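Here is what each chain is made of, one letter per residue.
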Protein chains: 2
Amino acid sequence: MTDSVASTDRRNLLKGAAASAALLAPAAGLAQTGRDSDREAIRRAVDAGYEDSVRRLREWIALPTIAAEQRNVQEGAALMARLATDAGFSGVRTVPTGGVPAVFGVLDAGARRTVGIYFMYDVKQFDPAEWASPPLEGQLFDHQLGRAIRGRGATNQKGPETAFLAALHAFRAANKRLPVNLVLLAEGEEEIGSPNFINTMRDPEVLAAMRRVDGVIIPSNGQTPNGNANIALGAKGIIELELVASGERWGRGPRRDIHSSLKAQVDSPVWHLVEALKTLTRDHGNTPAIDGWFERVRPLTERERSLIAEAARTRSEDEAKRSLGVQRWIDDLPWRESLERLASQPTVNIEGLVAGYTGPGGKTILPARGVAKLDLRLVPNMTRADSEAKLRAHLQSRGFGDIEVNVSGGYDPTETAEDSRVIRAQQAVFTRSNVTYSLFPRNAGSWPGFVFTGPPLNKPAGQFGLGYGSGAHAPDEFMILESTNPRVAGFREAAMGYVDFLYEMATIR
Amino acid sequence: MTDSVASTDRRNLLKGAAASAALLAPAAGLAQTGRDSDREAIRRAVDAGYEDSVRRLREWIALPTIAAEQRNVQEGAALMARLATDAGFSGVRTVPTGGVPAVFGVLDAGARRTVGIYFMYDVKQFDPAEWASPPLEGQLFDHQLGRAIRGRGATNQKGPETAFLAALHAFRAANKRLPVNLVLLAEGEEEIGSPNFINTMRDPEVLAAMRRVDGVIIPSNGQTPNGNANIALGAKGIIELELVASGERWGRGPRRDIHSSLKAQVDSPVWHLVEALKTLTRDHGNTPAIDGWFERVRPLTERERSLIAEAARTRSEDEAKRSLGVQRWIDDLPWRESLERLASQPTVNIEGLVAGYTGPGGKTILPARGVAKLDLRLVPNMTRADSEAKLRAHLQSRGFGDIEVNVSGGYDPTETAEDSRVIRAQQAVFTRSNVTYSLFPRNAGSWPGFVFTGPPLNKPAGQFGLGYGSGAHAPDEFMILESTNPRVAGFREAAMGYVDFLYEMATIR
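Counting restarts for each chain, with residues numbered from 1 along the sequence as it is written. Chain A is the first chain written and ligand 1 is the first ligand written, with later ones labelled in order. Selection of residues for local features in this predicted model requires a pLDDT of at least 70, selection of side-chain atom pairs for listing and counting requires 80 or more, and totals for whole chains, interfaces and linings are taken over all residues. Side-chain descriptors were evaluated using all non-hydrogen atoms of the structure, hydrogens and water having been removed beforehand.

K.L.:
I keep staring at the overall build of chain A and nothing clicks. Help me out?
P.N.:
Each helix and strand in chain A was counted, giving 15 helices and 22 strands. Against the 2.2 N^0.38 benchmark of 23 Å for 509 residues, chain A shows a C-alpha radius of gyration of 24 Å, consistent with a compact globule. Taken over the C-alpha atoms alone, chain A extends approximately 85 × 50 × 45 Å along its principal axes. Only protein chains enter the calculation, and the probe is 1.4 Å; a residue is then buried if its accessible area is under 20% of its type maximum, exposed if over 50%, and partly exposed in between. Among the 509 residues that make up chain A, the fraction classed as buried is 66%. The long-range share in chain A, meaning contacts at least 24 apart out of those at least 6 apart in sequence, stands at 80%. Per-residue accessibility takes into account occlusion by the displayed protein chains alone, with areas from the Shrake-Rupley method and a 1.4 Å probe. Element-wise, carbon and sulfur atoms account for 47% of the exposed surface of chain A, whose accessible area totals about 16800 Å². Counted as positive: Lys and Arg. Counted as negative: Asp and Glu. His and the chain ends are not counted at all. The atom standing in for a charge is NZ when the residue is Lys, CZ when it is Arg, CG when it is Asp and CD when it is Glu. Separation of charge centres in chain A, based on 61 positive and 61 negative side chains, amounts to 2 Å. Helix numbers and strand numbers start at the N terminus; a helix is a DSSP run of H or I with at least 4 residues, a strand a run of E with at least 2. Each radius of gyration reported is based on C-alpha atoms, and the globular scaling rule is 2.2 Å times the count of residues to the power 0.38. Pairs of residues are marked as contacts when any of their non-hydrogen atoms sit within 4.5 Å.

K.L.:
What is the right way to read the pairing of strand E8 (residues 229-232) of chain A from this model?
P.N.:
Regular strands place their side chains on alternate faces of the sheet. Residues and elements named next belong to chain A. By the alternation rule, side chains of E8 split into Ala229 and Ile231 and Asn230 and Ala232, which are all buried. Should DSSP find at least two bridges between two strands, the strands are regarded as paired. Two elements, E8 and strand E19 (residues 437-440), share four bridges in a ladder whose sense is parallel. Residue pairing for E19: Asn230 is matched across the bridge by Ser438.

K.L.:
Please explain the packing of aromatic side chains as it appears in this structure.
P.N.:
Aromatic rings considered in pairs are described by the distance between their centres and by the relative angle of their planes. Note on aromatic contacts: the rings of Phe and Tyr and the six-membered ring of Trp form a pair at centre separations within 6.5 Å, being stacked when their planes are under 30 degrees apart, edge-to-face when over 60 apart, and tilted otherwise. Counted according to the given criterion, the structure contains 34 aromatic pairs over all chains. Ring centres 5.6 Å apart and planes at 10 degrees place the aromatic pair Tyr411 of chain A and Phe450 of chain A in the stacked group. A residue pair is termed long-range when its members are at least 10 positions apart, and Tyr411 of chain A in strand E17 (residues 404-411) and Phe450 of chain A in helix H14 (residues 450-453) qualify at 39 residues. No difference in accessibility class separates Tyr411 of chain A from Phe450 of chain A, as the two residues are buried. Pairing Phe164 of chain B with Tyr498 of chain B gives two aromatic rings, centres 5.5 Å apart and planes at 70 degrees, and the pair type is edge-to-face. Of this pair, Phe164 of chain B sits in helix H5 (residues 158-173) while Tyr498 of chain B sits in helix H15 (residues 491-507), placing them 334 residues apart in sequence. Three or more aromatic residues joined by ring pairs form one cluster here, namely Trp60, Phe119, Phe164, Phe430, Tyr437, Phe464, Tyr498 and Phe501 of chain A. Positioned over the ring face of Phe141 of chain B is Arg150 of chain B, at 4.2 Å from the centre of the ring. Only Lys NZ and Arg CZ are tested; either one counts as a charge over a ring when it is within 6 Å of the ring centre and within 35 degrees of the ring normal.

K.L.:
I keep staring at the interface of chain B and chain A and nothing clicks. Help me out?
P.N.:
Quite often, the size of an interface is put as the accessible area lost when its parts meet. Between chain B and chain A, the contact holds 86 residues from the first and 86 residues from the second. Regarding the contact of chain B and chain A, the summed buried area is about 6900 Å², with carbon and sulfur atoms giving 53% of it. The term buried area refers to how much accessible surface (probe radius 1.4 Å) is lost by two components on association, counted for both of them together. When residues of chain B are sorted by the area they lose upon contact with chain A, Gln265, Trp271 and His284 of chain B head the list and together hold 13% of the total. A carboxyl oxygen of Asp or Glu within 4 Å of a side-chain nitrogen of Lys or Arg is what we treat as a salt bridge. Taken together, chain B and chain A are joined by four salt bridges. A salt bridge links Arg252 of chain B to Asp332 of chain A; the nearest nitrogen and oxygen atoms lie 3.2 Å apart. A 3.5 Å cut-off defines polar contacts: any pair of N or O atoms within that distance qualifies, except that in protein one atom must be a possible hydrogen donor and the other a possible acceptor, and neighbouring residues in sequence count only when both atoms are side-chain atoms. Between chain B and chain A we count 44 residue pairs in polar contact (both at pLDDT 80 or more) in total. Among the elements that make up the side of chain B that touches chain A, the one with the highest residue count is strand E14 (residues 347-356) of chain B (ten residues). Polarity classes work like this: nonpolar for Ala, Val, Leu, Ile, Met, Phe, Trp, Tyr, Cys and Pro, charged for Asp, Glu, Lys and Arg, and polar for all others, with Gly in that last group. Of the residues contributing to the side of chain B that touches chain A, the split by class is 32 nonpolar, 29 polar and 25 charged. The pairing of strand E14 (residues 347-356) of chain A with E14 of chain B spans five bridges and is classified as antiparallel. The residue of E14 of chain B that forms the bridge with Ala355 of chain A is Leu353 of chain B.

K.L.:
I'm lost on the packing of helix H9 (residues 302-314) of chain A against helix H11 (residues 335-344) of chain A in this one. Help?
P.N.:
Helix-helix packing is characterised by the crossing angle of the two axes and by the distance between the axes. Residue and element names in this part refer to chain A. It is at 9 Å that the axes of H9 and H11 come closest, and there the two elements cross at 130 degrees. Of the possible angle classes, the one that applies to H9 and H11 is oblique. Once H9 is placed against H11, the crossing between them reads as right-handed. Residues Arg305, Ile308, Ala309, Ala311 and Ala312 of H9 touch H11, and the partners they reach there are Trp335, Arg336, Leu339, Glu340 and Ala343. Here the residues of the contact of H9 with H11 are counted per class, giving seven nonpolar, no polar and three charged. Whenever a helix is involved, its axis is fitted only over the stretch in contact; in every case the axis is a line through C-alpha atoms, and angles between N-to-C directions fall within 0 to 180 degrees. Note on angle classes: values under 35 degrees are labelled roughly parallel, values over 145 roughly antiparallel, values of 65 to 115 roughly perpendicular, and the remainder oblique. Note on convention: the crossing is left-handed when the near helix lies turned anticlockwise from the far helix by less than a right angle, right-handed when the turn is clockwise.

K.L.:
Sorry if this is basic, but what is going on with the environment of Phe452 of chain A here?
P.N.:
Residues and elements named next belong to chain A. Its place among the elements puts Phe452 in helix H14. Note: C-alpha distance between Phe452 and Met210 (242 residues apart in sequence) is 8.5 Å. Once residues within four sequence positions are removed from consideration, Phe452 is found in contact with Tyr118, Leu185, Phe197, Met210, Val216, Leu457, Asn458, Lys459 and Ala461.

K.L.:
Would you mind showing me how to read the relation of the copies chain B and chain A here?
P.N.:
Relating the two copies of this chain is a rotation about some axis coupled with a shift parallel to it. It takes a turn of 180 degrees to lay chain B on chain A, together with a shift of 0.1 Å along the axis; the resulting RMSD is 0.1 Å. Both copies are brought into coincidence by an operation consistent with a two-fold rotation axis. Taking C-alpha positions as reference, the residue of chain B nearest the rotation axis is Val354 of chain B, located at 2.5 Å. Here 100% of the contact residues of chain B are again contact residues in chain A; the copies associate through an equivalent surface. For the least-squares superposition of copies, only C-alpha atoms count, and only for residues with pLDDT at least 70 in both.

K.L.:
So what exactly am I meant to see when it comes to the pairing of strand E20 (residues 461-464) of chain B here?
P.N.:
Residues and elements named next belong to chain B. Both faces of E20 are covered, namely the face carrying Ala461 and Gln463 and the face carrying Gly462 and Phe464. Two elements, strand E7 (residues 216-219) and E20, share four bridges in a ladder whose sense is parallel. Along E20, the bridge assignment pairs Val216 with Ala461.

K.L.:
How should I be thinking about unusual backbone geometry in this particular structure?
P.N.:
A negative phi holds for most residues other than glycine; trans holds for most peptide bonds. Residue and element names in this part refer to chain A. The peptide bond linking Pro380 to Asn381 adopts the cis configuration, its omega dihedral lying at 0 degrees. Relative to the helices and strands, Asn381 resides in the loop between strand E16 (369-378) and helix H12 (384-397). Omega for the bond connecting Pro455 with Pro456 falls within 30 degrees of zero, at 5 degrees, which places this linkage in the cis form. Position of Pro456 among the secondary structure elements: in the loop between H14 and strand E20 (461-464). Unlike most non-glycine residues, Asp476 shows phi in positive territory, near 60 degrees. Mapped onto the elements of the fold, Asp476 is located in the loop between strand E21 (469-470) and strand E22 (478-483). Its relative accessible area of 27% is what places Asp476 among the partly exposed residues.

Printed below as a string of structure tokens:
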């Protein structure tokens, strides 16, 4: 995904404190329910289907859909549709969005409740030269946590999605009826910020089907390397953009790079950019200073503060600092306050700066153009549209109206109630699987959950799954298939986690 | 050279208004002196030696000395020494500097006066892929101004230097005694900012020889494409540097790039850099704001203002704006005031910015490091040492003491009195050659003239020569060898310009 828990950094940060009991082996708690024998049959089917699942995953990895490059758009959608059909969805078809098409299907089990499943079938760009093995090969290798698969999409998001499909195959192979109906909506441009995914709601059949769901999950490898998990009750929104200052647009400064000695006579678009940037934040960049930026910001509730206090107790500050290579939090805040800040504050981050000469040493030029790449994280009740308008108005009113604001993607924050079934079902699965987890008010990263949690659907939605992988957006992305750590789920245990989740969704009050 | 008139931009900017009479052909004015017949013989010798000169230039171009790459350091010094010896210098030897060696030689003509000649034998880096012909081949081609040679160093500075050597060969071939003695000092690291050239003054023989000179020139292609010329009475100094902000040095922010969602919890070294940059200037980057920066700045004198007013009358503002791709000068100043600003103001220029993700689109990271590449132009009586100390103190006192200041090169401003023989001799040659020229108080670019004009020598020094070339530091660098424009000197006329200059230096009062 764009970011959120798929990030190693986030993952490490969210790593909980010590947990205890061994995981999963006979799914202890489930013995209490009346579905023991069904579950055992399904479990055997997951085991029996494991090789097929890995084959399926490798085939999927071999066909990367990359929206930014318009790569395998039709082919990727077709494969997504086939994977869905093979797993038991019916009426599977593509849904036009104005961009890369979505894929839609339903699985009617004649059940009382319906669960929405969000997939992304696209992946992030990759440079094969940076990889230990060809990124489209899905090579199996031995990781310190066990047998693993390495390839683009292994953990973000084809691996966990394949584990979810494996659960569906196992239900069918075991001849067991699904306890809930499913609606699948798979996106093909998550990695460019889901610019068109909301348009799927304009399709009457999709909208009608989604209106019936009780909640939505995207399958995810939600465990840390020590087996702990985090349940986020939402995620920040995001706007990703470039600010481009140029002599061309400004009407001042040069139209192409000129000799730097002219600086005494000619304006500098790069200085213009630096001045514009400086107005966007204060406190060393830590506090957004865009006009009206905090108007809609909702402070943390008491419950959110207490969840953070609990998270601060169970998570290791030292481990977080070490894994991030950070010595101090902003303002030297203590751990709990830094987590409150993480969850509650909107940000204006500089992802990158590019202007003029960027090679080794120097070059005496006055550059005609400068670019700042920014991401703005939004918290409830900010919206992408309002925030973008505020940024433009801010620049305009301060004499920077010539600076191009090129928004490449983004979406609103997303929130899901703690008492929704989607959240409670996750807790139930983690508890019964002896996975230590913490609830956290909001992921500081972003995912396009707003499509489900915002209008017109207003449904609970979250990321869920057992399993571990890393390297999203990076070289050597992988997912653990056969875990040697009893507290960390491998592929089969992850599939069983989805089985259990569907049972919970069917039965939880 | 590092910049100054070698730049096309500067060259175009300095292009004068319309001039009139035809140039050079029989060197009109010289008929008034008693040296007519000697000059004619030398002229025939220049013609006769032309093919040898071109061969010499091509051989020199084929051996690029590049200090930044430590390329051909010894070989380049050896060739420089041979070229000097072949042209009549004696006692030619290398002079250790702590960096790339200088080359020193004298030519004792038993004359009353002595002239210093500054050469640079190094060249700027090049990328052959960007060139129309191999940059070390010195290929001859037809330019719109006539037959030309293309290669690295063709105009910066081997071409004009070879023309100067051609003048010396011609004196000898014509069996004519030089009217002045010469001291040659050739530098091998001009292109990295002459970091060690001043150390040549520690060599007692060099210092003693240079103390005897009346003034110093570096041979240069000093004409614009329309034949006009400019005489600068000095040049700004320069400091080239990188500011590097990093989590490592700051002790805040990450030590390596982390996920951008962490911005709400972790400081950003790139924002730290932007804040530091912002303190260095005001007025959109047009006015340096470094503490004490203007303490030593000497305002323009009345004479300097009147020279600029004269230059404003003879140079075309429209042409300058067009050639630079600029619509307005700083503060919408009128032409004359903009030229006053150009000559008189120190600058803080951003050559380049590099931080985080610099490729297409975005990448949600919080970068651990940011770099700003700056050049600071210095005017009299600022010095490099004092200015560098002020920059460091400024950053320190504002809480940016962690930001690395990596100075890669630089030197003091340089000034030469208008009534010095070096300047008056140039004027005499231009006048007698019917070249329209203007005097300008100061080149806004920089050259290491301070080695000659500052202590311990305190000699007049300037760039001088007839001829035209372009593409210094750029691909397809060239020099016109056989001009089709009667107002623009070719190689032979350039050589005769040096002949005339030496005569002027011998006889001018």
